[in-house]
Each structure stands twice: as structure tokens, then as C-alpha cells.
Amino acid sequence: MSKVAITKCNGYELDKAVSAIRVLMENTDFPQVSGKDVLIKTNLLSDAKPEKGITTNPIIIEALIILLKERGANKIAVGDSPGLQTPNFKPIHSGILEVIEKTGTTWIDFTKETIEKRVYKKTKAPISKAVLDADILISAAKFKTHELMNATGASKNMFGIIPSIHKSKLHLSATSPDSFASLILNLLDIRKPDWSIIDAVIGMEGSGPSNGNLRHIGLLMASNNPLQLDDAERIIMGYKKKDIPILRAAIKRDDHALDSEYTLLDPNGLVIQDFEIIKRKRKKGLFSSLLLPFLRRPFANRGNKRPKPKFDKDKCRLCKRCIEICPAKALSIKDGTIDIKIKKCISCYCCSEVCPFGAISIKE
Ligand code: SF4
Ligand code: SF4
């Protein structure tokens, strides 16, 4: 049973963040970092400005670095890899690069050195060597809903240890939310973060992780166990345990995977009653939940009844990012608009995650 600590933090002021994170470190089994090399895996879905609430706020990263230095960490680095990464990418707009320069730490580009690992059944993928080599790995995630996985937090943040476009390709192997959840758990088996923190000062509700609405949550939360931390997050969001595929899969592997000890605030007392969660129709009954998927298996994607993305031609600026990232090659430009081949679409929602103009929506 791991400790999960949740504390209030009402805004992105450095002194407030430092005090709050210090309390979280003191109320969890924060690892011994003295003399060790620490890598902070931030959530940099895209290099969006902090006010968009898509990425871990730079103030949280700066506060973490200050506290790691205070505790005697040796080398401190920050890293991630957005879904579509350009060569020699640096996280400028997100404010992360400024923090790195100010604190004299290092930016790690996860595309630079990788080691191939088996991540789902027989499928292999490159994984950042820096992540595998780090003495201490910290997952610094963001409190957000997620169109495919319903919520994203400390565990899902680890998907980013697979660099750039290699991530979206994996959706072709792990097509359903349950198989994708299994892939995330496999990644945790390969390299589990030693400590995780969720930036829930400003979170995202509705159509997350990049097109939802910002919501002031006013919390920071942390644990040594990313799954137990995510369980606390889903309680605050108002989801049931069974609504989150990663948590469902974790319990399937281990009955006690989500047994937590709340050392500060109890998430059950922090539930946001009107938080806009992602609602998907779940199959009910033995036939539709067990037999139907089995019967449909030979037809692969034909069994996928999840909603497909819709493209708003007034908002679309034909930047082609969605076409580049689509693993199923379901998108193209036709008559000056984005055309989707519905039969090819596997409903991974990578396109909506990378659209910088909010032109893609996912509706039942
Ligand atoms: S990513 Fe968005 S703006 Fe760019 S082409 Fe696709 S729908 Fe249009
Ligand atoms: S169109 Fe969008 S949701 Fe469909 S497969 Fe391509 S990226 Fe995934």
C-alpha cells in the first residue's frame, strides 16, 4: 500500500508551488535523491503555451527542481517527446526551456538515444535510454480528461517515454482502450517512475487531453505509485474505478493494485460534482461484453464502434498535422478539406490530440 498525498495549491506562484510540493514529498515515501541523477518526465503532449493547460505547468517543474537541488540531487534533467516532434525540438512555448536555462538543468530529447523493448504482445518500440538509465525517474503529469482513456495522469504520462511518431504507430497493435491500458502497464513494468506528481492546479475537463475546457482544481497530488495516484485523480473527477481502462487492467493483474493510504486530503472529500467527464456507452450483458468482441475479432477494426473524429472545416487550417500522425492512414485532403475514411479509422484520437486549432471533435 503506497502513500498518496494531496494538498491545496491555488495558483502557479513559485513560492506556493515549492511549499506545496515540499509537503507532498514529506507525506509520501519520496526517494532518496542525494548524489543521484534525476530525470523529470514532464507532460509535453505538444509545445503549447502554459495557459492552454495541456502541459505540466513550468512553475511546477521549476519548484520540483528547486526541491531536488535542496535534497542534494546530482544531475537534474527534464525530458519528453511530443507526438509529432521536429528535429532538434526544444520546448520553447511551454515555458519548460526557460526553466531549464534558469535552473542550469538539462533538456533531454527522447528521440536521440533509444533502446528497443517489447511493449505489447510481440510489438516492440523504442524507449528513451535516458529514462531507462536515470537513477530516479519522476513522472510530472497533468490532471486531464482523455478521449480514449477517459482520464490521463501519472501512468499514461509514461507513454511519452516512447519518442514522437512511434507512439501513434502503437495504436495499430493496441487498438482498444483495454489493450492500450495493457500496453501502459507493460511500460510501467519496464520503467516505473520512482515518484509521481499530478499538476491539478488548473486541470482540463470535457474533450481532453488537448481540446477540453480548463477547470480550476487548486490541488497538487503525489505518490510513489502512479496507479494509486491516478485512482485518486479519477475519484476527484467523479469517475468510477471501472470507467478507467488502465485502473481496470491494473486490478485485473493485482487485486491490491489500488490500495492506497491518503496521508493528507482524502480524494473522496474532493469530488467535483459537476466535473465534465468523458461519457462513452459501455457494452452491457454477457453477449455484448464477452461473446461479441470474440466473434468480431477476425474482422479487426470492423468491431470498433467508438465514435469517429469530426472535422470542422471553418476551424481547420490544413496544417496536415492530423494526416501526419494518423497511424491508420485514414486522412487526406480532398476538395480543400480533410477527408476521413471511416472504415480505416481505429478511433485512437491521435489526430484530435495534435490539432492546434481545435478543429477535431469526438462525439458519440
Ligand atoms: S490538424 Fe487540425 S487544422 Fe491541421 S489539418 Fe488537421 S484538422 Fe486541420
Ligand atoms: S482519423 Fe484520427 S482517430 Fe481515426 S485512426 Fe486516424 S488519427 Fe486515429
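Quick notes on the rules
- Residues numbered from 1 in each chain as written.
- Chains lettered and ligands numbered in written order.
- Predicted model: local features only at pLDDT ≥ 70, side-chain atom pairs only at ≥ 80, totals over all residues.
- Heavy atoms only, no water.
- Core = buried A, V, L, I, M, F, W, Y, C linked by side-chain atoms within 4.5 Å.
- Buried < 20%, exposed > 50% of the residue type's maximum accessible area, 1.4 Å probe, protein only.
- Helix = DSSP H or I, 4+ residues; strand = E, 2+ residues; numbered from the N terminus.
- Contact = heavy atoms within 4.5 Å.
- Phe/Tyr/Trp six-rings, centres within 6.5 Å; stacked < 30°, edge-to-face > 60°.
- Domains from an automatic or database assignment.
- Buried area = accessible area lost by both parts, 1.4 Å probe.
- Salt bridge = Lys/Arg side-chain N within 4 Å of Asp/Glu carboxyl O.
- Polar contact = N/O pair within 3.5 Å; in protein donor to acceptor, adjacent residues only side chain to side chain.
- Nonpolar A, V, L, I, M, F, W, Y, C, P; charged D, E, K, R; others polar.
- Axes fitted to C-alpha atoms, helices over the stretch in contact; angles between N-to-C directions.
- Parallel < 35°, antiparallel > 145°, perpendicular 65-115°, else oblique.
- Left-handed = near helix turned anticlockwise from the far one by under 90°.
- Pairing = 2+ DSSP bridges.
- Near = heavy atom within 4 Å.

**Notes on the nonpolar core**
Reasoning step 1: With 55 residues, the main nonpolar core has Phe-143, Leu-187 and Met-221 as its most contacted residues.
Reasoning step 2: A total of seven residues in this core trace back to one element, the largest contributor, which is helix α6 (residues 177–190).
Reasoning step 3: Met-221 has contacts with Ala-5, Ile-6, Leu-24, Phe-143, Ser-196, Ile-197, Ile-198, Ala-200, Leu-229, Ala-232, Glu-233 and Ile-236, leaving out every residue within four places of it along the chain.
Reasoning step 4: Listed in part, the 37 residues of the second largest apolar core include Leu-24, Leu-44, Ile-60 and Ala-73.

**Things to note about the packing of aromatic side chains**
Reasoning step 1: The tally for this structure, following the rule as stated, stands at four aromatic pairs.
Reasoning step 2: A centroid spacing of 4.8 Å and a plane angle of 85° characterise the contact between Phe-30 and Trp-195, whose relative ring orientation is edge-to-face. Placement of Phe-30 in the loop between α1 (14–26) and β2 (38–42) and of Trp-195 in strand β9 (residues 195–205) is noted, with a sequence separation of 165 residues between them. One exposure class covers both Phe-30 and Trp-195, and it is buried.
Reasoning step 3: Measuring from centroid to centroid gives 4.8 Å for Phe-159 and Phe-180, while their planes differ by 85°, and the two rings are edge-to-face. In this pair, Phe-159 sits in the loop between β8 (150–152) and α5 (166–170) while Phe-180 sits in helix α6, placing the two residues 21 residues apart along the sequence. Here Phe-159 and Phe-180 have matching classes, each one buried.

**Looking at the environment of Leu-97**
Reasoning step 1: Structurally, Leu-97 can be placed in helix α3 (residues 96–103).
Reasoning step 2: Residue classification places Leu-97 among the buried positions, given a relative accessible area of 16%.
Reasoning step 3: Taking the C-alpha atoms as reference points, Leu-97 and Val-78, separated by 19 residues in sequence, lie 9.2 Å from one another.
Reasoning step 4: Apart from residues no more than four positions distant in its own chain, Leu-97 is found in contact with Lys-90, Pro-91 and Ile-92.

**Considerations on the domain arrangement of the chain**
A common way to state how big an interface is: give the accessible area lost once the parts meet.
Reasoning step 1: Under the domain assignment used here, the chain contains domain 1 (2–269) and domain 2 (304–362).
Reasoning step 2: Put simply, the middle of domain 1 and the middle of domain 2, counted by C-alpha atoms, are 26 Å apart.
Reasoning step 3: Taken together, the 18 residues of domain 1 in the interface contact 19 residues of domain 2.
Reasoning step 4: Taken over both partners, the interface formed by domain 1 and domain 2 buries close to 1,500 Å², and the fraction arising from carbon and sulfur atoms is 60%.
Reasoning step 5: There are zero salt bridges connecting domain 1 and domain 2.
Reasoning step 6: Counting every contact that joins domain 1 to domain 2 gives six residue pairs in polar contact (both at pLDDT 80 or more).
Reasoning step 7: Of the residues contributing to the side of domain 1 that touches domain 2, the split by class is seven nonpolar, eight polar and three charged.

**What to know about the packing of helix α7 (residues 226–237) against helix α8 (residues 245–253)**
Reasoning step 1: Running from amino to carboxyl end, α7 crosses α8 at an angle of 135°, the nearest separation of the two axes being 10 Å. Here α7 is positioned oblique relative to α8, judged by the angle of their axes. Crossing geometry of α7 relative to α8 is assigned as left-handed. Across the interface between the two elements, Leu-227, Asp-230, Asp-231 and Arg-234 from α7 touch Ile-246, Leu-247 and Ala-250 from α8.

**Some thoughts on the pairing of β9**
Reasoning step 1: With 10 of 11 residues buried, β9 lies mostly within the body of the structure.
Reasoning step 2: Of the strand pairs in this sheet, β9 and strand β10 (residues 213–223) are connected by nine bridges, and their pairing is antiparallel. When the bridges of β10 are listed, Ile-197 appears paired with Ala-222.

**Some words on the site of ligand 1**
Reasoning step 1: By nearness alone, every residue bordering ligand 1 is listed as Phe-311, Cys-316, Arg-317, Leu-318, Cys-319, Lys-320, Cys-322, Ile-338, Cys-355, Phe-357, Ala-359 and Ile-360.
Reasoning step 2: Here the residues of the shell around ligand 1 are counted per class, giving 10 nonpolar, no polar and two charged.

**Describing the pattern of salt bridges**
Reasoning step 1: Inspection of the entire model under this criterion finds 14 salt bridges.
Reasoning step 2: For Asp-29, the salt bridge goes to Lys-3, with nearest N and O atoms at 3.5 Å. Placement of the pair is Asp-29 in the loop between α1 and β2 and Lys-3 in strand β1 (residues 2–8), with a sequence separation of 26 residues.
Reasoning step 3: The exposure class assigned to Asp-29 is partly exposed, which follows from its relative accessible area of 43%.
Reasoning step 4: A relative accessible area of 26% places Lys-3 in the partly exposed class.
Reasoning step 5: With a closest N to O distance of 3.1 Å, Asp-194 and Arg-191 form a salt bridge.
Reasoning step 6: A relative accessible area of 13% places Arg-191 in the buried class.
Reasoning step 7: Through salt bridges with shared partners, a single ionic network connects Glu-205, Arg-215 and Asp-274.

**Here we look at unusual backbone geometry**
A negative phi angle is the norm for most residues apart from glycine, just as the trans form is the norm for most peptide bonds.
Reasoning step 1: The omega torsion across Gly-208 and Pro-209 is 10°, close enough to zero to call that bond cis.
Reasoning step 2: By the secondary structure assignment, Pro-209 is in the loop between β9 and β10.
Reasoning step 3: The phi dihedral of Lys-329 falls on the positive side, at around 50°, and the residue is not glycine.
Reasoning step 4: Relative to the helices and strands, Lys-329 resides in the loop between α10 (321–325) and β13 (331–334).

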